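# Residue-level structural notes
Residues per chain, in single letters:
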Amino acid sequence: FSKGDICSMIASELRLTTRIVAELGGIVHRKSSGNILFAVEVLNSMVRNSVIHFSLKLCRYQWDWDNISSLKTEENVASFIITTISTLQPKFLQTLRILSCFGYNIDVAILCLLDTSCIVPFGGIRNPLRYLVDIGIIEMAGSLVSFTHDLIQQHVYEGIALPQRQNLHFGIGVFLGSKTTFNAAATGPGIYSLEFGIDQMYISESKIDGDFIISERSLLSIATDHINCAGPEFIVDQKQRILFARWNLKVAKELSATSNFRCALHYYKKGIQFIGHDVWIHSNETGDQELCLDLYEGAAAASSATSDLATVEYFVNIVFRNVHFERSLNAWVILIVSLESSGKYAEILEKGVNLLRRLNFDIPASPPSPKEIKDSLVTTLRIASQFRIEHIKTSYHSTGILNQDKRNIHNKNLFKIFDAIVIATYNTSSPYLPLLAFEMMQYSLRNEFYEPEAAIAYAGFGYFNIMLRNDFKSGKYWANVALEMLKQYTISTAARVKWIIHAQIMIWFIPLEDTRRNLLEIAKTSMKLGDFLTEIYAIRLSSRCAFFGGENLSIFSQLNIRNLKNTVKYNTTQGTETAVLDQIMADELRGENSNPFKVFKGLINNEDDLFKRASLTNNTSSMMNVQYRRFFSSFWKGDYDAAESSSKVLLSLRMTNLLLIYFTFYRGLIAFRRYREDHSEDKLRNGFDVIIKIESWLQHSPSLFENKLLLLNAEEQASLPNIDKAKSLYLSSIKSAKDCGRVHEQGLACELMGQFLLTVANDRPQAMIHMKNAHTCYLQWGAFGKAAELAEEHGLDTSSVSPTGKSSKHARDVDIFY
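Definitions and cut-offs
Numbering of residues begins from 1 in every chain and follows the order in which that chain's sequence is written. Given that this is a predicted model, residues contribute local features only at a pLDDT of at least 70 and side-chain atom pairs are listed and counted only at 80 or more, while totals for whole chains, interfaces and linings are drawn from all residues. Heavy atoms throughout the structure, all of them, feed into the side-chain values; hydrogens and water do not. Only DSSP runs of H or I reaching four residues or more are called helices, and only runs of E reaching two or more are called strands; each is numbered from the N terminus. With a 1.4 Å probe rolled over the protein chains alone, any residue whose accessible area is under 20% of its type maximum counts as buried; one over 50% counts as exposed, and the rest are partly exposed. It only takes one pair of heavy atoms within 4.5 Å for two residues to be counted as in contact. Polar contacts, as used here, are pairs of N or O atoms within 3.5 Å; protein pairs need one atom able to donate a hydrogen and one able to accept it. Residues neighboring in sequence count only if both atoms are side-chain atoms. Note on pairing: DSSP must find at least two bridges between two strands before they are called paired. Axes, fitted as lines to C-alpha atoms, cover a helix only where it is in contact. Angles between the N-to-C directions of the axes lie from 0 to 180 degrees. Take a side-chain nitrogen of Lys or Arg and a carboxyl oxygen of Asp or Glu: if they are within 4 Å of each other, that pair is a salt bridge.

Turning our attention to the environment of Arg674. Structurally, the position occupied by Arg674 is in helix α34 (residues 657-678). What makes Arg674 buried here is its relative accessible area of 12%. Separated by 13 residues in sequence, Arg674 and Gly687 place their C-alpha atoms 9.9 Å apart. Apart from residues no more than four positions distant in its own chain, Arg674 is found in contact with Tyr640, Asp641, Glu644, His679 and Lys683. At 2.8 Å, the side chain of Arg674 and the side chain of Asp641 are in polar contact.

Right, dumping it as structure tokens:
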């Protein structure tokens, strides 16, 4: 049936004139290919979807043009159209074949470019496009030309003989690639403005305003896709294969820069297919070794980002076999980072130490002795005494911010290797860690290498000034030196170093809430840079800052579970284990069981399984996390025997400074409590030692340590006993915790004062007042399980208190005696 016949039918059915329905009739005619049965089906579909509806205002039928243009062709209509394709003239069929090579749709801008090539039929493709739109095979919407049904595209594409299809893809790819600055001179700075004939290209009775544009990046990506569809076996000329490998490399690097690593890996692999494995043999003579390295290292890095260790090892081992050791350092970095994400710390340590020894660093084959560490520290201090922070600024001016000479690249790779080894040595509590930090610090100072990659050595040196020398001033100084190195950079190395600085150094000097905010900013930056390991480390520690800072446990649990899902997605063992253990601790305080071990899908069913697995792999970080969870949970339950048992293990392991602070604080409280039970002088001495330590910490961050020191002093006086002084110190600690907004530590101080009044001062009425206040604080904290245990143990009347504690005065506003 003709377009006029369809219009007459619609006009009759809708009781309208043919003039009004003319455009609608044209669309129905195209979508039904003039078949009257299909035309009726198209119209019924429009009515069902309210595209055609009766207007009470106009008292006639009307239709929605936007919805009509997006209406899909039915499968039976598409099948009918397919049967007519074979009867098309050659120029129309060739146009369809070109379109089918792009998939279901194609941007008009690409068609405008192709219309200037010899690929299209003689006379161009504008007129064939109009005809194909008229007969309902293709349609246009905005800047896209599409097949009316994917079955039509599939039929056309599969109907092209393989050699002809490859040749078509090859021709399209070569032509589009020639229009990029990467392959030839461009007409503009990375953008093609297709101004010619746009009105004629738009096959519709409506009109487009403005120009179609396509970025050069998109153009190269499309060209590369077509070359890849042709395949390396279609291209016999080796120079062409090398060129197309470079195209794939270019696209892969751009995708990696946007953290689209799975797609990037696809292009890296395609590039490798084009160069072939034999290219390594002659790569030095042909000058293609850099291309080989870029492709294989890029493929390894993309695989590492997707947590595919086996694929990483495959690609880096090929690099190791085909290049000199000095040229393989970047591949070593990728391998070690990938091992880190898999939690294989013992393997990292073994490979890392051997690697540094091959690079002539003075690293012993066996773990260093305390004397070796001390001697290295003395040497580093002597060399560092000559350093001034102005040296960094001078280095910027003399070498430039982006110094890319071979020696500088070598140094950058050295420090990247060190950066990757640091976490492994930390997580295994290896004595190599301080020695490595001192060796790299010496290397940086002797070679005047102050690039951002070296900042990790300065941060590590600052950390050990605090931990080994108790020199907080020097620790903060070297941390600031590291931050100065990173000032003008936003690279993943910078994010990792900042995480170390805020997690291990600045935590001693600023409020916990500020540390948490800084860590969240580092996590955001790391995410943007594609450094998901640092992102997870920063999120995990910020989460613990929230827990120890008194965040409501319900909110903490929600955030922790959400973060747990992310760590599972990234397949990071360490981050997942930490989140699970933190959730167990929060569940116990809340009196709930969310069964977080289910994320391991049966591989790890409980904490004992986790500890056994960590023991087998010598993962001391995981062992530490298990013992830390047991210690803190036992403390809050009042099970001091179990807490002491865990503390003995923890004393032999390296903890993050956040855990060290709270472990030391709780250990001091336990010591005084146990002394009052068995009067062991060792317990009292342990308590005194903790007080001395926290007194030294107080000067650096009063807001973090004041209420803790006051509570320890109160416990000390309760143990002597000095009742009046103890009362005063308890009340001061409660007030200090309240002023800082730490409701959980306010509750703890109330509970301990209540216990003191019960057991030492024999004042039960006042003790019950403090116990009730502690109960209210715990409810406000969200520790419903802890609050219930306290109420049951002391027979507290909680009838006037809601489950959230809201009917009582807010914990921070409880002012009885305070």
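So that's the structure; there's more coming.
Ordered by their spatial adjacency, 3 strands build an open sheet running β3-β5-β4, and the pairing between neighbours is antiparallel. Each edge of the open sheet carries a strand with a single partner, namely β3 (105-107) and β4 (138-141). In this sheet, adjacent strand axes meet at a mean angle of 25 degrees when their direction is disregarded. Across 3 bridges, β3 lies against strand β5 (residues 144-147) in antiparallel orientation. Its bridge partner lying in β5, Asn105 is registered against Ser146.

For a regular strand, side chains alternate in direction, first toward one face of the sheet and then toward the other. The pairing of β4 with β5 spans 4 bridges and is antiparallel. Each residue of the ladder has a partner; that of Ile138, found in β5, is Phe147. Linking two consecutive strands that pair antiparallel, namely β4 and β5, is a turn of 2 residues; a positive phi of about 65 degrees is found at Gly142 within it.

Tracing the sequence through the fold places Gln153 in helix α9 (residues 150-158). Apart from the residues lying within four places of it in its own chain, the contact partners of Gln153 are Ser100, Gly103, Tyr104 and Phe147.

So, about the pattern of salt bridges. Considering all chains together, one arrives at 33 salt bridges under this definition. Between Asp294 and Lys253 there is a salt bridge, with the nearest N and O atoms lying 3.6 Å from each other. Here Asp294, found in helix α16 (residues 289-305), pairs with Lys253, found in helix α13 (residues 238-257); they are 41 residues apart in sequence, far enough to count as distant. A cluster of three or more residues bridged by salt bridges with shared partners is formed by Glu588, Glu607, Asp608, Arg629, Arg630 and Lys637.

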